[in-house]
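One letter stands for each residue in the lines below.
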Amino acid sequence: MASFGLGATAPAPASGPAALGVFLASDARGPELLTGFEAWLGLRVTVGRTYLPGERWKSLEGGDSEILDAWTRWRAAQPGRVLALNVPMVTPNESMMSDRTVARRLAKGAHGAHDGRFRKLAGKLVSSGAGDTIIVLGWEMNGTTYSSRCGPDPETWKQYWRRIVKTMRETPGQRFRFDFAPSRGLDAVPWTQCYPGDDVVDIIGMDSYDQGPGHEFAEYIDQPYGLRAHADFAAQHGKPISFPEWGLFRNGDRPAYVEGMLDWISTHNVVYHSISDYCPHGVWQCSSNPGSSEAFRRRLLEHASPPSTASVCVASPSSAPSTPNPAASVAAATPSAPASSGCPSLTSSASASPTLSSG
């Protein structure tokens, strides 16, 4: 077990093993590559991780369907799977757009200019059998990488988030869960300033890569707006946590970081996590991280409990029943309300993957 460092809060009791995801490719090859990843790891992946392309509005509506169709077919092929989908709020999402332009586009969205687009996306997901998708909306909003960022106008950003959630939840048959996922640390603005409210957030996520400030894992816990602040904030708001993106980065092949993350995940109320498996972050497709690759496999197998799968269990605000966590299937609950019996109280688009490696 990794040492979390002096001054860290006692870990929250884990509600069961966190469901496992992995990001393998920024195109439609993800489900195909996943078969090899599972064979290498020796565990079943139950969370399909992908991103809607953010270059144009048609993509955000689900109109450029190759990637989305591949993953919704994967989702439907086997019980117990769920899709976690990163969805931009502004397009183009990786354009180095000025703060002034971002603020204008956020305002348009907050006033309903894009309701129809998000309604189309919701309808496509429901009709394809993925009505319980986890929507990672406007991820890393506390930074400057994406146009869907919060910093230029936090209040309008929050209004826009709320409008998107309301619009998508109006779709008959939906059971979406919305994941608020900043990057670890302060970044451009404190991510707490972007939080849009408990009624429109079901999971409080965090993208966490092995990069400063600091080097030791305990520093990532204790840094302002770091791992400890994330866990504490989620507990205060009655929400589970997630790590939609995590992996190695600036410190190279570092098994201690991988072990620290997996130990942190296993001792906190994490519903799912997903390593970014491409260089420099990954452990299967990146041959330059052999020590981390071995640590990832070993630690996950140590933490796994039969039948080596976990559910993404989130309490429902409606009459829909909750599924206990852990379980062999993903809960079909709709977002945010008091927990039902058996379920705990929970309420950069990557480049294409490189050549496969045996790790």
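Definitions and limits used
- Residues numbered from 1 in each chain as written.
- Predicted model: local features only at pLDDT ≥ 70, side-chain atom pairs only at ≥ 80, totals over all residues.
- Heavy atoms only, no water.
- Helix = DSSP H or I, 4+ residues; strand = E, 2+ residues; numbered from the N terminus.
- Buried < 20%, exposed > 50% of the residue type's maximum accessible area, 1.4 Å probe, protein only.
- Areas by Shrake-Rupley, 256 points an atom, 1.4 Å probe, with all protein chains shown as cover.
- Patch = residues over 30% accessible without salt bridge, like charges linked within 9 Å, V, L, I, M, F, W, Y side chains within 5 Å.
- Salt bridge = Lys/Arg side-chain N within 4 Å of Asp/Glu carboxyl O.
- Lys, Arg positive; Asp, Glu negative; His and termini not counted.
- Charge placed at Lys NZ, Arg CZ, Asp CG, Glu CD.
- Axes fitted to C-alpha atoms, helices over the stretch in contact; angles between N-to-C directions.
- Contact = heavy atoms within 4.5 Å.
- Nonpolar A, V, L, I, M, F, W, Y, C, P; charged D, E, K, R; others polar.
- Pairing = 2+ DSSP bridges.
- Parallel < 35°, antiparallel > 145°, perpendicular 65-115°, else oblique.
- pLDDT = per-residue confidence, 0-100.
- Phe/Tyr/Trp six-rings, centres within 6.5 Å; stacked < 30°, edge-to-face > 60°.

Per the secondary structure count, the chain includes 10 helices and 9 strands. The buried share of the chain, reckoned over its 359 residues, is 58%. Total accessible area on the chain stands at roughly 12900 Å², and carbon and sulfur atoms take up 53% of it.

Attention shifts here to a positive patch on the surface. A contiguous patch of positive charge, built from Arg100, Arg104, Arg105 and Lys108, is present on the exposed surface. By the element assignment, arginine 104 lies in helix α4 (residues 99-110).

Moving on, we come to the packing of helix α3 (residues 66-77) against helix α5 (residues 115-127). Running from N to C, α3 and α5 cross one another at 35°; their axes reach a closest spacing of 10 Å. For the pair α3 and α5, contact is made by Leu68, Asp69 and Thr72 and by Leu121, Lys124 and Leu125, respectively. Per-class residue counts for the contact of α3 with α5 are 3 nonpolar, 1 polar and 2 charged.

Right, let's talk about the pairing of strand β3 (residues 82-87) for a bit. The buried fraction of β3 amounts to 6 of the 6 residues, a majority that puts the element mostly inside the structure. Alternating positions in β3 separate into two faces, Val82, Ala84 and Asn86 on one and Leu83, Leu85 and Val87 on the other, with burial throughout. Two strands pair when backbone bridges link them, and strand β2 (residues 47-51) and β3 are joined in this way by 5 bridges, in the parallel orientation. Bridge pairing links threonine 50 to leucine 85 in β3. Across 4 bridges, the pairing between β3 and strand β4 (residues 134-137) is parallel. Each residue of the ladder has a partner; that of alanine 84, found in β4, is isoleucine 134.

So, on to the packing of helix α1 (residues 30-41) against helix α10 (residues 290-303). Across the interface, α1 lies against α10 with an axial gap of 10 Å and an inter-helix angle of 75°. Relative to α10, the element α1 is oriented roughly perpendicular. For the pair formed by α1 and α10, the contact residues are Phe37, Trp40 and Leu41 on the first element and Ser293, Phe296, Arg297, Leu300 and Leu301 on the second. Each residue belonging to the contact of α1 with α10 can be placed in one class, and the counts come to 6 nonpolar, 1 polar and 1 charged.

The next point concerns the confidence of the model for the chain. One rule of thumb: low pLDDT means the predicted coordinates there are not for detailed reading. Model confidence for the chain is summarised by a mean pLDDT of 84, while 80% of its residues fall at 70 or above. Here residues 313-359 is a poorly scored stretch, pLDDT under 50, and it has 153 contacts once near neighbours within four places are set aside; other chains count.

All told, the structure shown has 18 salt bridges when counted by the stated rule. Arginine 149 is the partner of aspartate 99 in a salt bridge, and the nearest nitrogen-oxygen pair spans 2.8 Å. With a gap of 50 residues between them, aspartate 99 in helix α4 and arginine 149 in the loop between β4 and α6 (154-169) connect regions that are remote in the sequence. Take aspartate 99: its relative accessible area is 46%, and that puts it in the partly exposed class. Across the salt bridge formed by arginine 299 and aspartate 263, the nearest N and O atoms sit 3.0 Å from each other. Separated by 36 residues along the polypeptide, arginine 299 in helix α10 and aspartate 263 in helix α9 (residues 255-266) bring together distant segments of the chain. Look at aspartate 263 and you get buried, because its relative accessible area is 1%. Put simply, Glu259, Asp263, Glu294, Arg298, Arg299 and Glu302 are held in one network by salt bridges that share partners.

The linkage connecting threonine 91 with the following residue, proline 92, adopts the cis geometry, with an omega of -10°. Relative to the helices and strands, proline 92 is located in the loop between β3 and α4. In this chain, cysteine 279 is followed by proline 280 through a cis amide linkage whose omega measures 5°. When you line up the elements, proline 280 lands in the loop between β9 (270-276) and α10.

Bringing the packing of aromatic side chains into the picture now. Applying the stated criterion across every chain, the model contains 24 aromatic pairs. Look at phenylalanine 23 and tyrosine 278: their rings are 6.1 Å apart centre to centre, the planes differ by 80°, and that puts the pair in the edge-to-face class. On the criterion of sequence distance, the pair formed by phenylalanine 23 in strand β1 (residues 19-23) and tyrosine 278 in the loop between β9 and α10 is long-range, its members being 255 residues apart. Seen in terms of ring centroids, tryptophan 40 and phenylalanine 296 are 6.3 Å apart; in terms of plane orientation they differ by 10°. Their pairing is stacked. Of this pair, tryptophan 40 sits in helix α1 while phenylalanine 296 sits in helix α10, and the two are 256 residues apart along the sequence. Taken as a pair, tryptophan 40 and phenylalanine 296 share a single burial class, namely buried.

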